[in-house]
Amino acid sequence: MAIVMKTNRCPHCGSSEIETIHMSEHFYCRRCGENCNHLMPAADVEHITRIALLGGSEEEISALHNRYRNLEITIWSAKNRLQRL
């Protein structure tokens with residue numbers, strides 16, 4: 001079984017639906033429509049990946065969800081079962 005990790009994310013909304021603008025170092029997010037010259041910080045990507053794989057506290061998850069509205073991660077919790085953020 002393979003796990004596909006989304007390492008390139010929009011720094012504005014957290015979506016992994018980004019495209020490199022042809023012949024430049026700029027990125028376009030298909031979800032929020034933002035153009036930017038950088039991606040989400042590596043520390044935030046690592047934090048999201050860890051939560052997606054190992055789970056996290058409700059405080060961590062809600063803080064990330066408030067900061068990035070289109071994270072597109074699936075989490076499990078005993079209270080809510082399967083959720084998609």
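Each remark here, short or long, concerns the structure printed above.
A. Quick look at the overall build of the chain. Broken down by element type, the chain carries two helices and five strands. Counting helices and strands in the order they occur from the N terminus, the chain gives β-β-β-α-α-β-β. Every one of the 85 residues in the chain was classed for burial, and the buried ones make up 29%. Put simply, of all contacts in the chain between residues at least 6 apart along the chain, 36% involve residues at least 24 apart. Of the accessible surface of the chain, which amounts to about 5900 Å², a share of 52% is contributed by carbon and sulfur atoms.

B. Just the environment of R30, in detail. Mapped onto the fold, R30 is located in the loop between β2 (27–29) and β3 (35–36). Taking the relative accessible area as the measure of exposure, R30 reaches 47% and is therefore partly exposed. On a C-alpha basis, the gap between R30 and C10 in space is 9.4 Å, while along the polypeptide they are 20 residues apart. Leaving out residues up to four positions away in the same chain, R30 has contacts with E17, I18 and E19.

C. Summary view of the packing of helix α1 (residues 42–54) against helix α2 (residues 58–67). The N-to-C vectors of α1 and α2 enclose an angle of 130 degrees; their axes lie 11 Å apart at closest approach. Viewed along their axes, α1 and α2 adopt a mutual orientation that is oblique. Judged by the sense of rotation from one axis to the other, the crossing of α1 with α2 is left-handed. From α1, D44, H47, I48, R50 and I51 reach across to α2, where they touch E60, I61, L64 and R67.

D. Geometry of the sheet that holds β3. Taking strand neighbours across the sheet as the criterion, the three strands line up as β1-β2-β3 in an open arrangement whose pairing is antiparallel. Each edge of the open sheet carries a strand with a single partner, namely β1 (18–20) and β3. Here β1 runs beside β2; their pairing, made up of three bridges, is antiparallel. Across the sheet, the residue bridging to I18 is C29, located in β2.

E. Examining α1 more closely. Its 13 residues give α1 an end-to-end C-alpha distance of 18 Å, which sits within 8% of 18 Å, the value for a rise of 1.5 Å per residue. Downstream of α1 by one or two residues, G55 has phi in the positive range, about 90 degrees.

F. Looking closely at the nonpolar core. If you look at the biggest cluster of nonpolar residues, it comprises nine residues: M40, V45, I48, I51, I61, L64, Y68, L71 and I73. Counting only elements with at least two residues in this core, the list comes to α1 and α2. Of all the elements, α1 adds the most residues to this core, at three residues. Not counting the four nearest positions on each side in its chain, I48 is found in contact with R9, M40, L64, L71 and I73.

Thresholds applied
- Residues numbered from 1 in each chain as written.
- Predicted model: local features only at pLDDT ≥ 70, side-chain atom pairs only at ≥ 80, totals over all residues.
- Heavy atoms only, no water.
- Helix = DSSP H or I, 4+ residues; strand = E, 2+ residues; numbered from the N terminus.
- Buried < 20%, exposed > 50% of the residue type's maximum accessible area, 1.4 Å probe, protein only.
- Contact = heavy atoms within 4.5 Å.
- Areas by Shrake-Rupley, 256 points an atom, 1.4 Å probe, with all protein chains shown as cover.
- Axes fitted to C-alpha atoms, helices over the stretch in contact; angles between N-to-C directions.
- Parallel < 35°, antiparallel > 145°, perpendicular 65-115°, else oblique.
- Left-handed = near helix turned anticlockwise from the far one by under 90°.
- Pairing = 2+ DSSP bridges.
- Expected span 1.5 Å × (residues − 1).
- Core = buried A, V, L, I, M, F, W, Y, C linked by side-chain atoms within 4.5 Å.

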